[in-house]
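Listed here are the chains, written in short residue letters.
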Amino acid sequence: DNNANYPNSYGRTDVEGCSFWGRGVLHTRGTCNFGKFNFHVGARAAAQNRPSLYPDLDFCSDPGLICSDEERTMDIRWVVGMFEWIDRVQDYYDSALDWNYMRELYKYVDGGMSDDSFIDKVNLILARGCHLYPCSSYFAVESDRFLYSNEKRTNFRNILKLLFELPLSEAPPNTPAASGGGSSFVQPSEPVVNRPPTKPPTVRPTTVQVQTPSPVKSVTTNAPTILPVTAEPTTPRAPTGSPIELSDITQWNDGETHVINSKETSFLDESIVVTRGTTFLLEPGGYVEAPLNTNWPAVRLSIGSMFAGTGGAINGSYADPSFLEGEYEDGGDGLHINNGQSSDVTGSKGSFFDGVVIVGGDAPIGVGGNALYVNGFGSEAKIYGGSFVGGKGAKDNGYSILVQNSAKVHVYSGSFDGEIKVDRSAEIIFYGCFKRDRLQVSGTFPDETYLDVSIRTSYGGEITLMAVSEQECDTAPSTSPTNFPTVSPRPTPKYNHGDRNTLSFAEMSLSLASMLLFGLFWI
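All values reported here derive from a predicted model rather than from experimental measurement.

Each value, and the rule that gives it
- Residues numbered from 1 in each chain as written.
- Predicted model: local features only at pLDDT ≥ 70, side-chain atom pairs only at ≥ 80, totals over all residues.
- Heavy atoms only, no water.
- Helix = DSSP H or I, 4+ residues; strand = E, 2+ residues; numbered from the N terminus.
- Buried < 20%, exposed > 50% of the residue type's maximum accessible area, 1.4 Å probe, protein only.
- Pairing = 2+ DSSP bridges.
- Phe/Tyr/Trp six-rings, centres within 6.5 Å; stacked < 30°, edge-to-face > 60°.
- Axes fitted to C-alpha atoms, helices over the stretch in contact; angles between N-to-C directions.

(A) Structural context of the environment of Ala371. In this fold, Ala371 is placed in the loop between β14 (357–359) and β15 (372–375). The class for Ala371 is buried, based on a relative accessible area of 0%.

(B) Structural view of the sheet that holds β14. Here six strands make up an open sheet; going across it, the order is β5-β8-β11-β14-β17-β20 and the pairing parallel. At either margin of the open sheet sits one strand with a lone partner, and together these are β5 (267–268) and β20 (415–417). Two strands pair when backbone bridges link them, and strand β8 (residues 287–289) and strand β11 (residues 313–315) are joined in this way by three bridges, in the parallel orientation. Within the sheet, the bridge partner assigned to Glu289 lies in β11 and is Asn315.

(C) Focus on the packing of aromatic side chains. On inspection of all chains with the given rule, the structure shows 19 aromatic pairs. Their ring planes at 10 degrees and their centres at 5.4 Å tell us that Phe388 and Phe416 sit as a pair that is stacked. In this pair, Phe388 is assigned in strand β17 (residues 387–389) and Phe416 in strand β20, connecting sequence segments 28 residues apart. As far as burial versus exposure is concerned, Phe388 and Phe416 are alike and both buried.

(D) Summary view of the sheet that holds strand β18 (residues 401–404). Pairing in this open sheet of 10 strands is mixed, and the strands run β3-β6-β9-β12-β15-β18-β21-β25-β24-β23 from one edge to the other. The strands lining the two open edges of the sheet, one partner per strand, are β3 (249–252) and β23 (433–437). The average undirected angle you get between the axes of adjacent strands in this sheet is 15 degrees. Relative to strand β25 (residues 450–458), strand β24 (residues 440–444) runs antiparallel, the two being bridged by five bridges. The partner of Ser442 across the bridge, within β25, is Asp452.

Here it is, written out as structure tokens:
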């Protein structure tokens, strides 16, 4: 909803001191940036008889045109991002230190693109407005939320190899970072020989037999029956960088349907990215297990993709303490269902049926990973059955479901081990006979599966309890066929509970790396 107010990272919905929220691939924001963009390529340029790409669009009076112009929005999002990149990064010059972006870019390329400190400095320019930390208080943001240098280095190098097929020199260990100190991350070259075997996926079956509702039977597949993944332990392995190295990711973006239903078709030590209208079917006998010590999810959907799980297991990354490098102590998420764009038509969808198991990664000294994360308006999950298990952690456990940013989750049955969180104008709907007592929601689904789970909401998150005509309920209206919802008041929000916004950082990192490549050609 373009007319609704959405909170920023601090929960504010007013526009005091910032004017507009971020839009476009670099989340361009602020009156100055929008004013420059409108002056050069919008209605202001046309009004002054100068060439203009969008003479009919006044981005000062309505910055939402970047997303709401249906015919041109996909182009405008990239144009505004490239404009900000050229204005703030490509033209960057620090006269006090004689540091010039274009000159340093040539040095980086001539040196074999192996000096990761250049990536760190460009990261700082974009996030804070300077190339050395600390920067002006005008860009005073939490460093941990934006700087994530290890992830951005890996993303950038993956893009160079994957998209541009450029030869890269290996970065030497402990390459100096932008802060002036040495990097704390050293990629292990080989696993320790006498290291205990990797913790196998923890597939926890539902405690109550779940029966698939009748509308679902038509999609059940006849998959081969094999031993579960836990029957054969994995061999020792070293962790990847975070999010992951190129060799540890498989991308499906062909718009086709991909099926995993056997050991031969399954993925171990690998994450899967499903994008651009592609469909992923997980059937009995199949599994996906993420690499160790990465905050990248085992499976990530974006840009209008679909997931259907009728069996099998998805396991988030296990945070092995013996391989930690300072910041990878938290377990990884199991499955992400994202929008990936700024239109509801690009939201991804997921359907879950009896037999599928989604597990967040455990973290012996950190926070457990979330099992299912649904994010962005237009993104939606329908749960007819299955098990959702938040990762167990020493500091805190992960959520069985985390739904954010106007996404929706419909729950018709299933088993949930771990709290649920509904955040930032998102909604979760339970169908059946339920009652709510503060943080607890309990009751039965139409298939008589019992539910008793703790649910937290914040920043406009909604919980809806929906009675259905085929059930007689004492806790909600059930006169056939009213389906009248009962909505309880929201509890006090719980803060800092494993709610790590790493995926948005990873997406921002990819945008940053892509825009950096544009700098090679916009000279």
